Amino acid sequence: MLFRSLVYGMSRFESLATGIDAIVADGRASIVSLSYGKCLLPGEYILQDEVDAGTLSFAAAAAAGVSIFASSGDTGAYTCHMFEPAEQRPTVTWPSCAGEVISVGGTFLETRDDGSWLRETGWQDYLVTGGGGGGINPVEPRRAWQTGGGLGDPSGMLRVCPDVAAAADPDTGYQVFATDPVTGIAGWQMIGGTSAAAPLWAGMAAIVGQVAADRGRGLDGEPGRLGFLAPALYAAAAARPDAFHDIVRGGNLLDEAAEGWDLSTGLGSPRLATLADALVSALPVLP
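Residues numbered from 1 in each chain as written. Predicted model: local features only at pLDDT ≥ 70, side-chain atom pairs only at ≥ 80, totals over all residues. Heavy atoms only, no water.

### Let's talk about the overall build of the chain
For the chain, the helix and strand inventory stands at 6 helices and 15 strands. Relative to a compact globule of 287 residues, whose C-alpha radius of gyration would be 19 Å, the chain shows 18 Å and is just as compact. Principal-axis analysis of the C-alpha atoms places the extent of the chain at approximately 60 × 50 × 50 Å. When burial is assessed residue by residue, the chain has 47% of its 287 residues classed as buried. Residue pairs in contact within the chain that sit at least 24 positions apart in sequence constitute 70% of those at least 6 positions apart. On the chain, roughly 13400 Å² of surface is accessible, and the fraction owed to carbon and sulfur atoms is 58%. If you average the places of the 16 positive and of the 32 negative side-chain charges in the chain, the two averages end up 6 Å apart. (Helix = DSSP H or I, 4+ residues; strand = E, 2+ residues; numbered from the N terminus. Rg over C-alpha atoms; globule rule 2.2 N^0.38 Å. Buried < 20%, exposed > 50% of the residue type's maximum accessible area, 1.4 Å probe, protein only. Contact = heavy atoms within 4.5 Å. Areas by Shrake-Rupley, 256 points an atom, 1.4 Å probe, with all protein chains shown as cover. Lys, Arg positive; Asp, Glu negative; His and termini not counted. Charge placed at Lys NZ, Arg CZ, Asp CG, Glu CD.)

### Here's the deal with the pairing of strand β3 (residues 67-71)
Side-chain direction in a regular strand flips from residue to residue, so the side chains alternate between the two faces of the sheet. Taking burial as the measure, the 5 residues of β3 include 5 buried ones, the bulk of the element. Burial along β3 is two-sided: the face carrying Ser67, Phe69 and Ser71 and the face carrying Ile68 and Ala70 are both buried. The pairing of β3 with strand β5 (residues 102-111) spans 3 bridges and is parallel. Across the sheet, the residue bridging to serine 71 is valine 104, located in β5. (Pairing = 2+ DSSP bridges.)

### Points about the state of the cysteines
Evaluated as defined, the whole model comprises 2 disulfides. Note that cysteine 39 is cross-linked by a disulfide to cysteine 80, the S-S spacing being 2.2 Å. Every disulfide takes its handedness from the sign of the S-S torsion; for cysteine 39 and cysteine 80 that torsion is 100 degrees, giving right-handed. Taken together, the residues cysteine 39 in strand β2 (residues 38-39) and cysteine 80 in helix α3 (residues 79-83) connect sequence positions 41 residues apart. Here cysteine 97 is linked by a disulfide to cysteine 161, with a sulfur-sulfur distance of 2.3 Å. Handedness here is read from the sign of the S-S torsion; for cysteine 97 and cysteine 161, about -110 degrees, the answer is left-handed. With cysteine 97 in the loop between β4 (93-94) and β5 and cysteine 161 in strand β10 (residues 158-161), this residue pair connects regions lying 64 residues apart in the sequence. Looking at cysteine 97, the relative accessible area reads 0%, which means it is buried. Residue cysteine 161 is classed as buried on the basis of its relative accessible area, which comes to 2%. (Disulfide = S-S within 2.5 Å.)

### Observations concerning unusual backbone geometry
The step from tryptophan 94 to proline 95 runs through a cis peptide bond, and the omega angle for that step is 15 degrees. Although it is not a glycine, leucine 253 adopts a positive phi angle of roughly 80 degrees.

### Considering the pattern of salt bridges
Inspection of every chain in the model, using the stated rule, returns 12 salt bridges. Across the pair glutamate 87 and arginine 89 runs a salt bridge whose closest N-O atoms are separated by 2.9 Å. Linking aspartate 277 and arginine 215 is a salt bridge whose minimum nitrogen-to-oxygen distance equals 3.0 Å. Here aspartate 277, found in helix α6 (residues 272-281), pairs with arginine 215, found in the loop between α4 (194-214) and α5 (230-239); they are 62 residues apart in sequence, far enough to count as distant. Aspartate 277 gets classed as partly exposed once you look at its relative accessible area, which sits at 25%. Through salt bridges with shared partners, a single ionic network connects Arg215, Arg240, Asp242 and Asp277. (Salt bridge = Lys/Arg side-chain N within 4 Å of Asp/Glu carboxyl O.)

### As for the side chain of aspartate 163
Within the fold, aspartate 163 resides in the loop between β10 and β11 (164-167). The exposure class of aspartate 163 is buried, given its relative accessible area of 1%. There is a polar contact of 2.8 Å between the side chain of aspartate 163 and the backbone nitrogen of serine 103. Only 2.6 Å separates the side chain of aspartate 163 from the side chain of tyrosine 234, close enough to count as a polar contact. Excluding residues within four positions of it along the chain, aspartate 163 makes contact with Val101, Ile102, Ser103, Trp145, Gln146, Tyr234, Trp261, Gly266 and Leu267. (Polar contact = N/O pair within 3.5 Å; in protein donor to acceptor, adjacent residues only side chain to side chain.)

### Observations concerning the nonpolar core
Membership of the largest hydrophobic core comes to 37 residues, with the highest contact counts inside it found for Trp201, Leu233 and Phe244. Of all the elements in the fold, those that place two or more residues in this core are β5, β11, α4, α5 and α6. Per-element accounting of this core gives the leading share, 8 residues, to α4. With residues up to four places along the chain from it excluded, the contact list for phenylalanine 244 reads Val164, Trp201, Leu233, Ala237, Leu267, Gly268, Ser269, Pro270, Arg271 and Leu275. (Core = buried A, V, L, I, M, F, W, Y, C linked by side-chain atoms within 4.5 Å.)

Shown next as structure tokens:
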């Protein structure tokens, strides 16, 4: 089984729910990367109708086995500050912090000279008010699968995010080769943000799917099919703590990273080989 990339687009006059519904109806994509976000203060910066429609679409996508990885935002625990500089209330990014979306937070990553992992901290930059998003969704209940150290009893509590994290600080970001739209000059440049961390996670999920296909495992009789991954990620973290780098330093401009799940980096960043083994081993062997 070979995974390939598809790009879905929609008019700026269409709702996000329309785009998600189109992806589900198309039926070809089971892993989606989404770098779109608004601050979640219903009635002020986002319409309740948009949230309601999106909630239904994300639930339908999850039921269809589609995993949507969405960026948690780049202004820490103050997403609305990005849209209104005078806004200082803690807020999360929608749809990243929606119930059936996998929210991807940000880290500052340090590597050794050989490129291997050295350490990570929750991304927060007070000088530019930058950082990985995270916090409490004020309108959605916590899903039953969101459990583990640092979360406590999920019964009757609200959805919190992020679920996972990856390198996002532009100082330790990603080298991309692109053409500057102003100068027309092509070259290497460093990018960052959780809008880079989310597609990284989507790409890693595709690798996990390939491993599953190679091992003859998958859901619904299809080699490499992973289904909605959020429950599996939390289950993997509980069964194989070494599947994630548990990040205990840094924060999101408000909440500090801590042992176990936290509001800055969620379950942490992936140890991909171990995480892939844990996720694939939980899938049924196909005849």
